[in-house]
Amino acid sequence: EVQLVESGGGLVQAGGSLTLECATSGFSSDDYAIGWLRQAPGKEREGISYMRFTDGKTYYADSVEGRFTMSSDSARNLVYLQMNDLEPEDTAVYYCAADVGKGSSWYLARGIALMMDDDRGHEYDYWGQGTQVTVSS
């Protein structure tokens, strides 16, 4: 089965950087997509980036565009989120999650929703356990 494990969270000062890693296993084809999401206490879950592995198309929410970069190392089954210029408002639990076998039109729909800040992470098939990111002022 598909498994996802996040790592790399921690405490960082405002303006600093962190790189999160999602180790993946169990995918049987390239018909899948990986998202990074976050949830802060008292706030809605927020999709912040999304990569379609059929062609590598990547989407970002406006809240992180220009500061965060999603990438992958397919040979090592790793997905990364490089986070720069961190702000206290970025403090949250960060998750990676997978959509599997849903097809390009479905991935496009989530990507568009994410860019519009409307993705709340519903209907993902698999989730990691989460990693805490805390940004101090």
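Just so we're clear, the structure is a prediction, and the values are computed from it rather than from any experiment.

Draft legend 1. A look at unusual backbone geometry. With phi around 55°, N77 is a residue other than glycine that occupies positive phi space. Tracing the backbone through its elements, the reader meets N77 in the loop between β7 (68-73) and β8 (78-83). For N77, a relative accessible area of 43% translates into the label partly exposed. The backbone phi angle of D85 is positive, close to 50°, even though this residue is not glycine. Considering the arrangement of structural elements, one finds D85 in the loop between β8 and β9 (92-100). The partly exposed category is assigned to D85, whose relative accessible area is 46%.

Draft legend 2. Representation of the side chain of R52 in the model. Mapped onto the fold, R52 is located in strand β5 (residues 46-52). Polar side-chain contacts of R52 include one of 2.5 Å to the side chain of D55.

Draft legend 3. Representation of the nonpolar core. If you look at the biggest cluster of nonpolar residues, it comprises 36 residues, and the most contacted ones within it are I34, W36, F68, M70, L81, M83 and Y94. Non-local contacts of I34, meaning those with residues more than four positions away in its chain, are made with L4, F27, S49, Y50, M51, F53, M70, V79, C96, A97 and A98.

Draft legend 4. Structural detail: the packing of aromatic side chains. Tallied over the entire structure, the rule returns six aromatic pairs. Each ring, one from F27 and one from Y32, has its centre 3.8 Å from the other, and the planes form 10°; the classification is stacked. Both rings, one in Y124 and one in W127, keep their centres 5.5 Å apart while their planes meet at 75°; by these two values the pair is edge-to-face. With relative accessibility at 32%, the residue W127 sits in the partly exposed group. An aromatic cluster of three or more residues is present, and its members are Y50, Y59, Y95, Y124 and W127. We note K102 situated over the ring of W106; from NZ or CZ to the ring centre the distance is 4.1 Å.

Draft legend 5. Geometry of the pattern of salt bridges. Counting across every chain of the model gives ten salt bridges. The partner of D90 in a salt bridge is R38, and the shortest N-O contact between them spans 2.9 Å. With D90 in the loop between β8 and β9 and R38 in strand β4 (residues 32-39), this residue pair connects regions lying 52 residues apart in the sequence. Of the two residues examined, D90 and R38, each falls in the buried class. Note that E44 is salt-bridged to R120, the shortest N-O span being 3.2 Å.

Draft legend 6. Geometry of the state of the cysteines. This structure, assessed with the given rule, holds one disulfide. Covalently, C22 is tied to C96 through a disulfide, its sulfur atoms 2.2 Å apart. Between C22 and C96, the S-S dihedral sits near 70°, and the bridge is therefore right-handed. Of this pair, C22 sits in strand β3 (residues 18-25) while C96 is found in strand β9, placing the two residues 74 residues apart along the sequence.

Conventions adopted
- Residues numbered from 1 in each chain as written.
- Predicted model: local features only at pLDDT ≥ 70, side-chain atom pairs only at ≥ 80, totals over all residues.
- Heavy atoms only, no water.
- Helix = DSSP H or I, 4+ residues; strand = E, 2+ residues; numbered from the N terminus.
- Buried < 20%, exposed > 50% of the residue type's maximum accessible area, 1.4 Å probe, protein only.
- Polar contact = N/O pair within 3.5 Å; in protein donor to acceptor, adjacent residues only side chain to side chain.
- Core = buried A, V, L, I, M, F, W, Y, C linked by side-chain atoms within 4.5 Å.
- Contact = heavy atoms within 4.5 Å.
- Phe/Tyr/Trp six-rings, centres within 6.5 Å; stacked < 30°, edge-to-face > 60°.
- Lys NZ or Arg CZ within 6 Å of the ring centre and 35° of its normal.
- Salt bridge = Lys/Arg side-chain N within 4 Å of Asp/Glu carboxyl O.
- Disulfide = S-S within 2.5 Å.

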